[in-house]
Amino acid sequence: MSMLEARGLEVSYGQIKAVKGIDLNVNPGELVCLIGANGAGKTTTLKSLAGMLAPSAGDIHFEGKSISGRASHDLVRRGIALVPEGRGIFGRLTVEENLRLGAYARKDTTGIRQDMDRAYDLFPRLAERRRQSAGTLSGGEQQMLAIGRALLSRPRLLLLDEPSMGLAPILVQKIFEIIRRISAEGVTLLLVEQNAKLALEVSHRGYVLESGRVTLADEARALLANPRVRQAYLGG
Amino acid sequence: MDIFTQQIINGLVLGSIYALVALGYTMVYGILELINFAHGEVTMFGAMIALAVMGALLGTDLPGILIVLMGLAVAIPGCMALGFAIERVAYRPLRRAPRLAALITAIGVSIVLQNVAMLIWGKQYISFPPLLPVVRYEILGATITNLQILIIVLSCLLMAGLLWLVTRTKLGAAMRATAQAPDVAGLMGINANTIISITFILGAALAAVAGVMVAAYYGLAHYHMGFLLGLKAFTAAVLGGIGNIAGAMLGGLLLGIIESLGAGYIGDLSFGFLGSHYQDVFAFFVLILVLVFQPSGLLGERVAERA
């Protein structure tokens, strides 16, 4: 059974329909990516899955229960975390405070402490800067903080929106290494990326979005070899 | 008697009260970018509720200080409920409306509350019963009363408590996160509506204490007292940098001192032409100066830096 399943998902901004009936599913343990051009509806899809936008039609099921229309603060408690586009760091809070807020919904003090240590293990840079206000971090460090913070909610499903955006190539490599590691630790991931090549290389499966619709869905390897995908998203 | 020291003392007392009320303005602004103009009226309700309770207990042979404390003990939860209700009824339905709508609503709530208070307690001034025996102390050539000391100390304790809450606790971090990016705070599992309610409730509790302080200090309360007090506290919040909690404290104390010194020296400065009843002019003079020359206030960030 799928962990996450969306059927006929539609999301609108006022009169404008950004997502026009998407079907997608993510199985437990999978790493799935959504690729597509700017404005294809990737971020909108992710936001509605995380409860930041209410779908105007369709259904979303998570672990067998309907979650459409649920607010994000509720979904975190059910095990869905989103690293939003642009990272969403609380710049005036310290690095440590940002991380701690990731565990806001949890009550298990010892577990939180262990997970804080794990986050600092995963991102030693953050440990060095724990008392610094997060707004002073570089873009790459902020992305690490955003991912670390999302992990502190102990998600079963982690949604990542454009984790490579605005980062130097060496940092992009680093972030993808970490994504692979999180996946290997058993967290199910749904990844939205402009960098289709990198995304497909780490993913098991992928969906191609065009103007709010899924136009292709396949194994990541097959998509990488697909001439249409190669031409449109992988630079020929 | 040293007039300068005396005016500083008076200014600190007044300023601590302004600071307590200013915190309510600034906390709500920090989260909703809304000027809650009804906040002055919450302060007034604090004074009125406390006086009503104290009036009812006057005949009993309870000690005076206990009667005052019981007045406070009813006024605080009363104002908390009022603050909560104002947000739920008047502001929440307008969360996505243009900001002007919320601002006009705030003024409307303020008028409604004044009239409700007038209907309940009448138009006359209500005097604060002489429950607290006045003790005067001499300090550096000036006089300070036990009530003045109490007001300053209690205000400082409350402000220190609030600072601790906001900077050191999980709830405080959630409040700051919600103020900065409510959508992302939601992703952390923070329910923004709960945080907003708590903000209103905290501000109202401080306002209740401030209202009782004002009534005790001037010995009077009146259904209209929240209006000017609210405007001055708002000025204090702007002076410190609206949205900034430490700024509201600083702005409140500074405004109290400016007003007090101004009132003390205006006679000399204008060669006897203007008297100390022009005290209120200074607050608004300060407001205009701040808005013209430093709109972000003393500790506020530049508006452009707000994400």
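What counts, and where the lines are drawn
Residue numbers here run from 1 along each chain, matching the order of that chain's written sequence. All chains are assigned letters beginning at A, and all ligands numbers beginning at 1, according to the order in which they are written. Only residues with pLDDT of 70 or above have their local features reported here, since the model is predicted, and side-chain atom pairs are shown and tallied only from 80 upward, although totals for entire chains, interfaces and linings are computed over all residues. The side-chain figures draw on all heavy atoms in the structure; neither hydrogens nor water molecules are used. Every helix listed is a DSSP run of H or I at least four residues long, and every strand listed is a run of E at least two residues long, numbered separately from the N terminus. The contact criterion used is simple: two residues touch if any of their non-hydrogen atoms lie within 4.5 Å. Whenever two N or O atoms come within 3.5 Å, that pair is a polar contact, provided that in protein one can donate a hydrogen and the other can accept it, and provided that, for residues adjacent in sequence, both atoms are side-chain atoms. For each residue, the accessible area found with a 1.4 Å probe, counting protein chains only, is set against the maximum for its type, and the residue is called buried under 20%, exposed over 50%, and partly exposed in between. In this tally, Lys and Arg are treated as positive and Asp and Glu as negative; His is ignored, and so are the chain termini. A side-chain nitrogen of Lys or Arg and a carboxyl oxygen of Asp or Glu constitute a salt bridge if their distance falls within 4 Å. In this analysis, strands are considered paired if DSSP registers two or more bridges between them. In this scheme, a helix's expected span is set at 1.5 Å multiplied by one less than its residue total. Whether two aromatic rings pair depends on their centres lying within 6.5 Å, for rings of Phe, Tyr and Trp, where Trp uses its six-membered ring; planes under 30 degrees apart make the pair stacked, over 60 edge-to-face, and the rest tilted. Definition used: whenever NZ (Lys) or CZ (Arg) falls within 6 Å of the ring centre and also within 35 degrees of the ring normal, the charge is taken to sit over that ring.

Q: Could you clarify how one ought to interpret the environment of S16 of chain B in this entry?
A: Residue and element names in this part refer to chain B. Examined against the element boundaries, S16 turns out to sit in helix α1 (residues 3-32). When the C-alpha positions of S16 and Y278 are compared, they lie 21 Å apart, and in sequence the two are 262 residues distant. S16 has contacts with I151, I152, S155 and L253, leaving out every residue within four places of it along the chain. Looking at S16, its side chain comes within polar contact range of the main-chain oxygen of L12, at 2.5 Å.

Q: Whenever I open this one, the side chain of E162 of chain A confuses me. Can you help?
A: Residue and element names in this part refer to chain A. Its location among the elements puts E162 in the loop between β7 (157-161) and α7 (169-184). Buried within the structure, E162 lacks any salt-bridge partner; K42 is the closest side chain of opposite charge, at an N-O distance of 4.1 Å. At 3.1 Å, the side chain of E162 forms a polar contact with the backbone nitrogen of Q194. In this structure E162 touches K42, E85, Q143, V192, E193 and Q194, once residues within four positions along its chain are discounted.

Q: When you look at the pairing of strand β3 (residues 31-36) of chain A in this model, what are you seeing that I'm missing?
A: The two faces of a sheet get side chains in turn, since along a regular strand they alternate between them. All names here are of chain A. Among the six residues of β3, six are classified as buried, and the element is accordingly described as predominantly covered. On β3, burial covers both faces: L31, C33 and I35 on one face and V32, L34 and G36 on the other are all buried. Here β3 pairs with strand β8 (residues 188-193) via five bridges, running parallel. The residue of β8 that forms the bridge with L34 is V192. Relative to strand β9 (residues 205-210), β3 runs parallel, the two being bridged by five bridges. Along β9, the bridge assignment pairs L34 with Y207.

Q: Where do I start with helix α8 (residues 192-218) of chain B in this structure?
A: Each α-helix turn comprises 3.6 residues. Residues three or four places apart therefore point the same way. All names here are of chain B. Between the first and last C-alpha of α8 there are 39 Å, a value that for 27 residues agrees with the 39 Å anticipated at 1.5 Å per step. Taken across its 27 residues, α8 has 19 buried, putting it largely inside the fold. Its side-chain oxygen 3.1 Å from the backbone nitrogen of N193, N191 forms the N-cap of α8.

Q: Looking at this structure, I do not really get the packing of aromatic side chains. What am I missing?
A: Given two aromatic rings, their pairing is described by the distance between the two centres and the angle made by the two planes. Tallying each qualifying case throughout the model produces five aromatic pairs over all chains. An aromatic cluster is defined as three or more aromatic residues linked by ring pairs; in this entry it consists of Y25, F37 and F234 of chain B. Against the face of Y104 of chain A rests K170 of chain B, its NZ or CZ located 5.0 Å from the ring centre.

Q: Explain the pattern of salt bridges here, please?
A: Note that side chains of opposite charge can pair when their charged atoms are close. Here the structure, examined in full by the defined rule, presents 24 salt bridges over all chains. Taking the shortest distance from any N to any O, the salt bridge between R70 of chain A and D74 of chain A comes out at 3.2 Å. Close ionic contact of E259 of chain B with K232 of chain B constitutes a salt bridge, the shortest N to O distance being 3.3 Å. With a gap of 27 residues between them, E259 of chain B in helix α10 (residues 245-269) and K232 of chain B in helix α9 (residues 225-240) connect regions that are remote in the sequence. Counted as one network, the salt bridges with shared partners bring together R106, D108, D115 and R154 of chain A.

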